[in-house]
Structures are given as structure tokens and as C-alpha cells.
Amino acid sequence: MLVDQFPADWESTGAEIEAHPHFPNRTNVSFVRTVDRHTIEVRFYERGAGVTLSSGTGSTGAAVAAILREVAASPVTVLTPADESLTLRWDGSVYLTGPAEIIGAGEYYWDKPET
């Protein structure tokens, strides 16, 4: 959603949209505010996870939507609540660059059923 200002209750608005009946499998919700021609600021409410501080796919979608709506132009700096900025460049293909950090790890053990 392109916005002039983030709604004060953007988290609850994101939750409401994520679970709306129009989206039977739920949906990710991004709020996008244009800072200037080459900078956007974003907020993410992700399906099944809730509020997230950053999202590569969300940032890509937000920047491409801003470019297509002609409120931004490539390259676009994406400012996230994680205090990190990502850069999206679109020149025939879309390229997103920025920091990545592992924030968790796990192992999955599965006993294969006998056949």
C-alpha cells in the first residue's frame, strides 16, 4: 500500500488485511512511503509471522511497485525498521543488494516411513 504517512495503527491494519476473506491463504502486507525520488521507507506485516523488521521479497515488491506507480525511480534505497538500507536497481532485471544476517537455525529430523 502506497501511503503518505504510515497509519498510527499500521500493525493492526496489516493484520486485518493479511486475514481478509479476499485472501483465503492470507497475504503479506507492505506499507510504502516515498521519501524522495530514489528513497522509500517501508513497514511489513508478513503472512503467518506478523510484523517483521525487514524483508528481501517485501523490499523488492515495494520498490518495484513504487517505480511502476512512478513515485520512485531506479535505483531505489529501501529504508527498513531494521536500521538497514537495501538498494534495488532495475535495468532489465531486478537486483537487490544489502546486508543479510542469520537470525536463527534449526534442524529437522524426519523418520522416513517404511514402505
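Check the entry above for the structure.
The rules behind the values
Residues numbered from 1 in each chain as written. Predicted model: local features only at pLDDT ≥ 70, side-chain atom pairs only at ≥ 80, totals over all residues. Heavy atoms only, no water. Helix = DSSP H or I, 4+ residues; strand = E, 2+ residues; numbered from the N terminus. Contact = heavy atoms within 4.5 Å. Buried < 20%, exposed > 50% of the residue type's maximum accessible area, 1.4 Å probe, protein only. Pairing = 2+ DSSP bridges.

**Q** In this structure, what is going on with the environment of Ser 54? I would like to understand it.
**A** Tracing the backbone shows Ser 54 in the loop between strand 4 (50-52) and helix 2 (56-68). Setting aside residues no more than four positions away along its own chain, Ser 54 makes contact with Phe 44, Thr 80, Ala 82 and Leu 86.

**Q** Teacher, can you tell me more about the pairing of strand 5 (residues 76-79) here?
**A** Along any regular strand the residues' side chains alternate between the sheet's two faces. Burial along strand 5 is one-sided: the residues Val 76 and Val 78 are buried and none of Thr 77 and Leu 79 is. As defined by bridge partners, strand 3 (residues 39-46) adjoins strand 5 across three bridges and the pair is classed as parallel. The residue of strand 5 that forms the bridge with Thr 39 is Thr 77. In this structure, strand 5 lies alongside strand 6 (residues 85-90), joined through four bridges in antiparallel fashion. For Leu 79, the partnering residue across the bridge sits in strand 6 and is Ser 85. Hairpin connection from strand 5 to strand 6: five residues lie between these consecutive antiparallel strands, with Asp 83 at a positive phi of about 60°.

**Q** Sorry if this is basic, but what is going on with unusual backbone geometry here?
**A** In terms of backbone geometry, most residues other than glycine have negative phi values and most peptide bonds are trans. A cis amide bond links Ser 74 with the next residue in sequence, Pro 75, at an omega value of 0°. With respect to the helices and strands, the residue Pro 75 is situated in the loop between helix 2 and strand 5. The phi dihedral of Glu 70 falls on the positive side, at around 60°, and the residue is not glycine. Take Glu 70: it is sitting in the loop between helix 2 and strand 5. With relative accessibility at 63%, the residue Glu 70 sits in the exposed group.

**Q** Explanation requested: the pairing of strand 6 in the structure shown.
**A** Relative to strand 7 (residues 94-97), strand 6 runs antiparallel, the two sharing four bridges. Bridged to Leu 88 within strand 7 is Leu 96. Between strand 6 and strand 7, which pair antiparallel one after the other, the connecting turn spans three residues, and Gly 92 there sits at a positive phi close to 100°.

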